[in-house]
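Architecture and fold: a report
Listed here are the chains, written in short residue letters.
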Amino acid sequence: MNEIAFPDGFLWGTATAAHQVEGGNWNNDWWAWEHNPASGCAEPSGDAIDHYHRYPEDIALLASLGFKTYRFSIEWSRIEPEEGEFSSAALDHYRRMCATCLDNGITPIVTYHHFTSPRWVAHHGGWEEPETADRFARFCGRATEALGDLIGWGCTLNEPNIVAVAGYLIGGFPPGRRDAALRRAVNDVFVDGHRKAVEAIKSASSKEFPVGLTLAMQELQAVDGGEAKLEQIRRGMHDVFLDAATDDDFVGVQTYSRDRIGPSGVVPPPDGAELTLMGYEYYPDAIGATIRYAWERTGHTPILVTENGIGTQDDERRVAYYRQALAAVHGCLADGIDVRGYTAWSAFDNFEWALGYKPTFGIIAVDRSTQERTPKPSAHLLGEIAGTNRLVLD
């Protein structure tokens, strides 16, 4: 059989985010946003998939499938429910999550901020307030003091570029602002928060572990004279954050599709293109292009693929997507790019932010009326790849 092998020690895993799976995160800006009728959110997160209580069984299930890493986020609004008030109970909970991963042979990859901020942070101005960078760094330091000896990898911020665009330019995320100048200022606060968080984490940790940020990166392709517009978009979406990651231990690349850019901005996918439940073009090869761009722009900072996947109800298409995407990742490795691992998004069908529960990214289905978990064929495929470190090609 024709197969491709990945390097020894290559990390194989899957991922979730606290607000999308835990349930009951009422004290953050997203819970407030999804319950605001004017926000346009499809539905509230509610109990989600109750991962807050079911994490022992969920982590054991991931281990049984063959995964070696699990990326999850810790909820700032649980750990620091009011400014300066830290919850020992919440920190103990996330410490138990990390320990459960290790007990199951899984390396915990901890994200400190995955889209949600405490309500008190939002009240003080959110990410448009420069002091938020210091507040976030303080939270990261305190959380690391409690968890650092168990953390395998640390991600400061998840897709700050998406929060800045969706929250401050197009109004689809909290706080629902539409101000291009404000979006640029928010980018600067995120960059400052990331750099200060890295310092706080490394100062507070009782052991060394890699620390970086994760970035949403669509492959950008110019069409019909869109080169100048592409570069403008890339500067604000990618470059400002990649430039901030040049001295990091890694940069997390998160990719789902490509965007074609014309002179006025993003143009629709080609006629007849297959679309996912998110409206993205089915384009698995994009991950190869974004890895290459991040590698070159950062001056060869190591890469960890921290999200890659597809929102679809057809798991055969998910399987095909993962096969093609992993072949693209292997192509990057073959060209000498330092890719440390691959994290599929997502472990479970979960709350997809403003779109509610309709888009299904999970490799494990969840019946939310019973909370029963059912692995899909894609879960078994990726678990087998993780166990053998090899992909058998069609």
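In the block above lies the structure referred to throughout.
None of the values given here were measured: they were computed from a predicted structure.

So, about the overall build of the protein chain. Within the protein chain one finds 13 helices and 15 strands. In terms of overall size, the protein chain behaves like a compact globule, its C-alpha atoms giving a radius of gyration of 20 Å where 394 residues would be expected to give roughly 21 Å. With the C-alpha coordinates aligned to their principal axes, the bounding extent of the protein chain is approximately 55 × 50 × 45 Å. Burial status across the protein chain gives 59% buried among its 394 residues. Of all intrachain contacts in the protein chain linking residues separated by at least 6 positions in sequence, the fraction that spans at least 24 positions is 78%.

Let us now look at the sheet that holds strand E9 (residues 258-262). Read across the open sheet, the three strands follow the order E7-E9-E10; overall the sheet is mixed. Of all strands in the sheet, those bounded by a partner on one side alone are strand E7 (219-222) and strand E10 (265-267). When strand polarity is set aside, the average angle formed by the axes of neighbouring strands in this sheet is 45 degrees. As paired strands, E9 and E10 are joined by three bridges and run antiparallel to one another. Pairing of arginine 260 across the sheet is with valine 267, part of E10. Lying on the sheet, helix H10 (residues 227-244) is in contact with E7, E9 and E10; it crosses E7 at an angle near 160 degrees.

This paragraph deals with the packing of helix H3 (residues 51-65) against helix H5 (residues 88-103). Remark: H3 packs on H5, axes separated minimally by 9 Å, with the N-to-C direction vectors making an angle of 10 degrees. Our classification of the angle between H3 and H5 gives roughly parallel. Residue-level inspection shows His51, Tyr52, Tyr55, Pro56 and Ile59 of H3 in contact with H5, the latter providing His93, Tyr94, Arg96, Met97, Thr100 and Cys101. Looking at the contact of H3 with H5 residue by residue, the class counts come to seven nonpolar, three polar and one charged.

Residue position: threonine 312 is located in the loop between strand E11 (303-308) and helix H12 (315-334). For threonine 312, the side chain forms a polar contact with the main-chain nitrogen of aspartate 314, separated by 3.0 Å. If we ignore the near neighbours within four places in the chain, the residues touching threonine 312 are Leu277, Arg317, Arg318 and Thr360.

If a strand is regular, its side chains alternate between the two faces of the sheet. Of all the six residues making up strand E6 (residues 211-216), six are buried; the element is thus mostly covered by neighbouring parts of the structure. The alternating pattern of E6 places Val211, Leu213 and Leu215 on one face and Gly212, Thr214 and Ala216 on the opposite face, and all of these are buried. Pairing of strand E5 (residues 153-158) with E6, which is carried by three bridges, proceeds in the parallel orientation. Considered in E6, the bridge of asparagine 158 is made with threonine 214. Relative to strand E8 (residues 250-255), E6 runs parallel, the two sharing five bridges. Directly across from leucine 213, in E8, lies its bridge partner valine 251.

Running from amino to carboxyl end, helix H8 (residues 160-168) crosses H10 at an angle of 145 degrees, the nearest separation of the two axes being 9 Å. Regarding H8 and H10, the two cross each other, and that crossing is right-handed. Contacts between H8 and H10 involve Pro160, Asn161, Ile162 and Val165 from the first element and Met237, His238 and Phe241 from the second. Broken down by class, the residue content of the contact of H8 with H10 amounts to five nonpolar, two polar and no charged.

Another aspect to go through is the nonpolar core. Within the largest apolar cluster, 103 residues are counted, with the highest numbers of intra-cluster contacts made by Ile74, Tyr112, Ile291, Val339 and Tyr342. Here this core gets nine residues from one element, more than from any other, and that element is H12. Once residues lying within four places of it in the same chain are set aside, the contact partners of tyrosine 112 are Ile74, Phe136, Phe139, Cys140, Ala143, Thr144, Ile151, Gly154, Cys155, Thr156, Ile201 and Phe209. Residues Leu11, Ile109, Trp153 and Phe250 belong to the second largest nonpolar core, which totals six residues.

All chains considered together, the criterion is met by zero disulfides. Left unpaired, cysteine 155 is separated from the closest cysteine sulfur, that of cysteine 140, by 11 Å.

Rules behind the numbers
Residues numbered from 1 in each chain as written. Predicted model: local features only at pLDDT ≥ 70, side-chain atom pairs only at ≥ 80, totals over all residues. Heavy atoms only, no water. Helix = DSSP H or I, 4+ residues; strand = E, 2+ residues; numbered from the N terminus. Rg over C-alpha atoms; globule rule 2.2 N^0.38 Å. Buried < 20%, exposed > 50% of the residue type's maximum accessible area, 1.4 Å probe, protein only. Contact = heavy atoms within 4.5 Å. Pairing = 2+ DSSP bridges. Axes fitted to C-alpha atoms, helices over the stretch in contact; angles between N-to-C directions. Parallel < 35°, antiparallel > 145°, perpendicular 65-115°, else oblique. Nonpolar A, V, L, I, M, F, W, Y, C, P; charged D, E, K, R; others polar. Polar contact = N/O pair within 3.5 Å; in protein donor to acceptor, adjacent residues only side chain to side chain. Left-handed = near helix turned anticlockwise from the far one by under 90°. Core = buried A, V, L, I, M, F, W, Y, C linked by side-chain atoms within 4.5 Å. Disulfide = S-S within 2.5 Å.

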